[in-house]
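Structural overview for review
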Amino acid sequence: MTDLYAAFDRLKFDRPAPWVLRITISNPGKSNAVTPAMHRQLEDVWAAIDADPQTRVTIITGEGRAFCAGGALDDMPTGGVLDPNQQVSKDFNNAVRLVRGIIDARKPIVSAINGAAVGAGLAIGLLADVSIASKTAKLLDGHVRIGVTAGDHAAIVWPLLCGMAKAKYYLLTNRPMTGEEAERNNLVSLAVEAEALEATSIEVASELAAAAPTAVRMTKYVLNHWLRQQSAIFDLSAAFEMVNFSGAEAAEAMAAMAQKRAPDFKSDVTF
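Okay, so let's go over this structure. (Residues numbered from 1 in each chain as written. Predicted model: local features only at pLDDT ≥ 70, side-chain atom pairs only at ≥ 80, totals over all residues. Heavy atoms only, no water.)

1. Here we look at the pairing of strand S4 (residues 109–113)
Put simply, the rule is: Only protein chains enter the accessibility calculation, which uses a 1.4 Å probe. A residue is then buried if its area is under 20% of the maximum for its type, exposed if over 50%, and partly exposed in between. Secondary structure elements follow DSSP: runs of H or I no shorter than four residues count as helices, runs of E no shorter than two count as strands, and numbering proceeds from the N terminus. Any two strands are treated as partners once DSSP identifies two or more bridges connecting them.
The element S4 is extensively covered by neighbouring structure, given that 5 of its 5 residues are classed as buried. Side chains Ile109, Ser111 and Ile113 of S4 all project onto a buried face; the interleaved residues Val110 and Ala112 project onto the opposite face, where all are buried too. Relative to S4, strand S3 (residues 57–62) runs parallel, the two being bridged by 4 bridges. Bridged to Ile60 within S4 is Ser111. As paired strands, S4 and strand S6 (residues 130–134) are joined by 4 bridges and run parallel to one another. What sits directly across from Val110, in S6, is Val130.

2. Side note on the packing of helix H4 (residues 154–162) against helix H5 (residues 164–173)
Note the cut-off: For helices, the fitted axis covers only the stretch in contact; all axes are lines through C-alpha atoms, and the angles between them, taken along N-to-C directions, range from 0 to 180 degrees. In what follows, roughly perpendicular refers to angles from 65 to 115 degrees, roughly parallel to angles under 35, roughly antiparallel to angles over 145, and oblique to any angle outside these ranges. For any pair of crossing helices, the crossing counts as left-handed if the nearer helix is rotated counterclockwise from the farther one by less than a right angle, and right-handed if it is rotated clockwise. Working rule for contacts: check all heavy atoms of both residues, and any pair within 4.5 Å makes them a contact.
Taken N-terminus to C-terminus, the directions of H4 and H5 make an angle of 130°; their axes are 7 Å apart at the nearest point. Looking at the two axes, H4 sits oblique to H5. Judged by the twist between their axes, the crossing of H4 over H5 is right-handed. Contacts between H4 and H5 involve Ala154, Trp158, Pro159 and Cys162 from the former and Met164, Lys166, Ala167, Tyr170 and Leu171 from the latter.

Take a look at the structure:
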């Protein structure tokens, strides 16, 4: 692997086919949960790929049985370390850089969602240009479950993919869906048997890599204007999410999750 990727030590790289780079999210002891260092690398890696003359298409997948469980709960923002304004600004900027980095990446991205995909992990999987899920993969936005607004990607991409009615149903109830259900709801491009996922992702990536690179990239760029046009919606959802992290509801939701009990939200709604 070239020195272009030497700095991305929280990710694994290989080349499963000509012109195809595969990124493997690697934190298998925690279902590939995203640590702060890994988050920064996932923000920055797309620019490195755009500068790589040996890569035309990227596959992203997870190590082991999970795709990516989202942000590591023990690394979630809780306040008290930075000034609240600094904390919100830092976390907001990180979320924006990840989402916009994927949207603005010039080269096509294929996600191979091999298992659980939650929160930021699901954002990576669904913002890919072609999303391929194992039929048994578990997809869950997860934000409301931990007491925060469905930020990251959900407000901009779910209504486009599966329609507003389904988006509201799944994002508000936080019900999970399988890869097979996600394909049926148009949330992912394809759902395949688990044993066929790797081969299918390489086949699709190779097909994209063999096509006219400029035409593919310009087509992707134009289609992603649908997402760029929703930037005000995305900014608001991400800002609300970061504000929520400092609130009592998020603290109670995450404490209940850690203690394996139902949360008890005592405060009345003030919004």
